[in-house]
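# Coordinate inspection notes
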Amino acid sequence: MSKIYLALVDTPGIFAFFIRRYLKQNYIHVVLSLDENLEEAYSVGRRNPAIPVFAGMEREDKYQILRAFPTASYKICALECSPAQKEALRQRLKEDWENRFHFHYAVLGLLFLVAKRPFYQKNHFTCSSYLAKVLSECGIAVSSKHFSLVTPKDFRIYMADKKTVFEGPLSALAGGDAKRVEVAYDAG
């Protein structure tokens, strides 16, 4: 078996505040990584961590995020998958990264999400809808919902029985002194 890693992220900010209130949880962003230290990690999010207006397909840079959000917290879980699934994800992420400027944040989709109505505008995603779609296409189901209705909360629920490899401040993860935890379930 191979492993991929999902990171739930909590960052400060006005936009994050509203998402937190809607989801009723702290973790409001989700990232897919091919390694546990988030060296090769992708999401649909801010192109510049300090400016929420410009968003799309991004390769996450934990050091840039740490500079913008020194109090950011992460929860990283390992998910088992087949080597073929991991390779399919690697190829898909590579292809999407090469076409990253064709991907945008689904601002209009947020209204449909609140109304609980599926909506898809070509190449427009939220962080969670993008990952739900990509994972599903590689045979890893996160939710039975339409991908456009998946939120970071669904990933938290999906990850509840997964192995947590890190939970804590991004500064600990980025500093290299992150203590790995062997937790099968986190109620928080």
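Computed from a prediction, not measured in an experiment: that's the story for all the values here.

### Notes on the pairing of strand β2 (residues 29-33)
For β2, the tally of buried residues reaches five of five residues, placing the bulk of the element in the interior. Here strand β1 (residues 2-10) pairs with β2 via five bridges, running antiparallel. In the sheet register, Leu-8 faces β2, and the bridge partner there is Val-30.

### A short note on the pattern of salt bridges
For the structure shown, the criterion picks out eight salt bridges. For the salt bridge of Asp-161 with Lys-162, the shortest nitrogen-to-oxygen distance reads 3.4 Å. A single salt-bridge network, built from bridges that share partners, covers Arg-92, Asp-96, Lys-133 and Glu-137.

### Observations concerning the layout of surface pockets
Remark: the empty space left among the atoms is shown by a probe the size of a water molecule rolled over them. Looking at the second largest pocket, its volume works out to about 150 Å³. Broken down by secondary-structure element, the contributors of at least two residues to the lining of the second largest pocket are α1 (14-23) and α6 (152-159). Tallying contributions element by element places α6 first for the lining of the second largest pocket, with three residues. Among the residues forming the lining of the second largest pocket, the class breakdown is five nonpolar, one polar and four charged.

### A closer look at the side chain of Ser-148
Secondary-structure assignment places Ser-148 in the loop between α5 (127-137) and α6. A polar atom in the side chain of Ser-148 sits 3.0 Å from the backbone nitrogen of Phe-119. In this structure the side chain of Ser-148 is engaged in a polar contact, spanning 2.7 Å, whose partner is the side chain of His-146. Those residues in contact with Ser-148, other than ones at most four positions away along the chain, are Leu-113, Pro-118, Phe-119 and Ser-129.

### Description of the packing of aromatic side chains
Counted under the stated rule, the structure contains eight aromatic pairs. Taken together, the ring pairs in this structure connect Phe-103, Tyr-120, Phe-125, Tyr-130 and Phe-147 into an aromatic cluster. Over the aromatic face of Trp-97 sits the side chain of Arg-100, whose NZ or CZ is 4.0 Å from the ring centroid. Across from the ring centre of Tyr-158, 4.5 Å away, lies the NZ or CZ of Lys-162, which sits over that ring.

### Remarks on empty space enclosed by the protein
Summed over the entire model, instances satisfying the criterion amount to one cavity of 30 Å³ or more. Considered as a void within the structure, the largest cavity measures approximately 110 Å³ in volume. Along the walls of the largest cavity sit 17 residues, with Ala-106, Gly-109, Phe-119, Ser-129 and Ser-148 positioned nearest its centre. Broken down by secondary-structure element, the contributors of at least two residues to the lining of the largest cavity are α4 (107-114) and β7 (124-125). Taken together, the residues that form the lining of the largest cavity break down as 10 nonpolar, six polar and one charged.

### Some details on the pairing of β1
Within β1, eight of the nine residues are buried, which leaves the element mostly enclosed by the surrounding structure. In this structure, β1 lies alongside strand β5 (residues 73-81), joined through nine bridges in antiparallel fashion. Each bridged residue has a counterpart across the sheet, and for Tyr-5 the counterpart in β5 is Ala-78.

### Points about the packing of helix α3 (residues 83-98) against α5
Axis separation between α3 and α5 bottoms out at 10 Å; the angle between their running directions is 135 degrees. Between α3 and α5, the crossing angle belongs to the class labelled oblique. You can see that α3 and α5 cross each other, and the crossing is right-handed. Across from Leu-89, Arg-92, Leu-93 and Asp-96 in α3, the residues of α5 making contact are Tyr-130, Val-134, Leu-135 and Glu-137. Here the contact of α3 with α5 is composed, by residue class, of five nonpolar, no polar and three charged.

### Thoughts on the side chain of Asp-96
By the secondary structure assignment, Asp-96 is in helix α3. We classify Asp-96 as buried; its relative accessible area is 4%. Apart from residues lying up to four places away in sequence, Asp-96 is in contact with Met-57, Phe-103, Tyr-130 and Val-134.

Thresholds applied
- Residues numbered from 1 in each chain as written.
- Predicted model: local features only at pLDDT ≥ 70, side-chain atom pairs only at ≥ 80, totals over all residues.
- Heavy atoms only, no water.
- Buried < 20%, exposed > 50% of the residue type's maximum accessible area, 1.4 Å probe, protein only.
- Helix = DSSP H or I, 4+ residues; strand = E, 2+ residues; numbered from the N terminus.
- Pairing = 2+ DSSP bridges.
- Salt bridge = Lys/Arg side-chain N within 4 Å of Asp/Glu carboxyl O.
- 1 Å grid on protein atoms, 1.4 Å probe; cavity = no way out; pocket = protein on both sides within 12 Å on 5 of 7 lines; lining within 4 Å.
- Points joined across faces, edges and corners; volume = space filled by probe spheres on them.
- Nonpolar A, V, L, I, M, F, W, Y, C, P; charged D, E, K, R; others polar.
- Polar contact = N/O pair within 3.5 Å; in protein donor to acceptor, adjacent residues only side chain to side chain.
- Contact = heavy atoms within 4.5 Å.
- Phe/Tyr/Trp six-rings, centres within 6.5 Å; stacked < 30°, edge-to-face > 60°.
- Lys NZ or Arg CZ within 6 Å of the ring centre and 35° of its normal.
- Axes fitted to C-alpha atoms, helices over the stretch in contact; angles between N-to-C directions.
- Parallel < 35°, antiparallel > 145°, perpendicular 65-115°, else oblique.
- Left-handed = near helix turned anticlockwise from the far one by under 90°.

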